[in-house]
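Close look at the chain arrangement
Chain by chain, the residues:
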Amino acid sequence: MRSHIVVVDDDEKITSLLRRSLAFEGYEVTTANNGLEGLKVMLTTDPQLLILDVMMPHVDGWEVCRRVRESGSTVPILMLTAKDDIQDRVKGLDLGADDYLVKPFALEELLARVRALLRRNTDKAGGGDGKLVFEDLVLDLDSREAIRAGRRIDLTAKEFDLLHLFMQNPRRVLTRDSIMDKIWGYDFSGESNVLEVYIAMLRQKTEEGGAKRLIQTVRGTGYVLRGEGG
């Protein structure tokens, strides 16, 4: 069965380009030219991926993303933004977006991200088994929940995947490139700070209430899950 992708963007040139390009790659594609139309499409179809522009009149991409997540949908969301602004990225991630791409973008990179998000979603659909434990942090692979010292931690899909990778490799230094490859599944620009954004968000959530830091920076190399004492 072909993967169904919904593209929501008020720029007809972009929707036309993505419709043709994604269809050529073998995907089923539905497009919408505004946020309200995009929400209606989401309610009447069951797509495997949502590509969502941020800046749209009336109902913008942020609001669409928020409503999609509030509906309980876990569909992967790739957001398109015209501004390479860290605040925009953080806002999208907080609302539940899985990835973002700054306009203008290379079509090859967008297609690579689409493949990666669909692959990650397929892997998640296979389910997990059991729990991973590191000190007072527990990761439940079946419910995809994290608990630290009895406190439930609300994680986005990508944050869970990243924490899962760390907890599969406790006390092992993971390079930045290896993390990007395993979590995003494609070659990502070395100048991008998407990984740093996610690390900061994971730290904020796991360290809430004064809990000690578990995700440590290894300068010039990457990151490692270990207590402050090693």
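Residues numbered from 1 in each chain as written. Predicted model: local features only at pLDDT ≥ 70, side-chain atom pairs only at ≥ 80, totals over all residues. Heavy atoms only, no water.

As annotated in an unreviewed UniProt entry, the protein carries the name DNA-binding response regulator and comes from Paenibacillus cisolokensis.

Before going further, it helps to examine the nonpolar core. In terms of nonpolar packing, the biggest core is built from 31 residues, with Leu 162, Leu 163, Phe 166, Ile 179 and Leu 195 touching the most fellow members. Of the residues forming this core, the biggest block, seven residues, is contributed by helix α8 (residues 194–206). Those residues in contact with Phe 166 that lie beyond four places of it in its chain are Leu 174, Ile 179, Ile 199, Ile 215, Tyr 223, Val 224 and Leu 225. If you look at the next biggest cluster of nonpolar residues, it comprises 19 residues, including Val 54, Val 59, Trp 62 and Ala 97. (Core = buried A, V, L, I, M, F, W, Y, C linked by side-chain atoms within 4.5 Å. Buried < 20%, exposed > 50% of the residue type's maximum accessible area, 1.4 Å probe, protein only. Helix = DSSP H or I, 4+ residues; strand = E, 2+ residues; numbered from the N terminus. Contact = heavy atoms within 4.5 Å.)

This paragraph deals with the sheet that holds strand β11 (residues 215–218). Pairing in this open sheet of three strands is antiparallel, and the strands run β10-β12-β11 from one edge to the other. The sheet terminates laterally at β10 (174–175) and β11, the two strands that pair on one side only. Here β10 runs beside strand β12 (residues 222–225); their pairing, made up of two bridges, is antiparallel. The residue of β12 that forms the bridge with Leu 174 is Tyr 223. Contacts from α8 reach β11 and β12, with the element oriented near 145° to β11. (Pairing = 2+ DSSP bridges. Axes fitted to C-alpha atoms, helices over the stretch in contact; angles between N-to-C directions.)

As a further point, take the pattern of salt bridges. Inspection of every chain in the model, using the stated rule, returns 16 salt bridges. For Arg 176, the salt bridge identified is with Glu 196, shortest N-O distance 3.1 Å. Of this pair, Arg 176 sits in helix α7 (residues 176–183) while Glu 196 sits in helix α8, and the two are 20 residues apart along the sequence. (Salt bridge = Lys/Arg side-chain N within 4 Å of Asp/Glu carboxyl O.)

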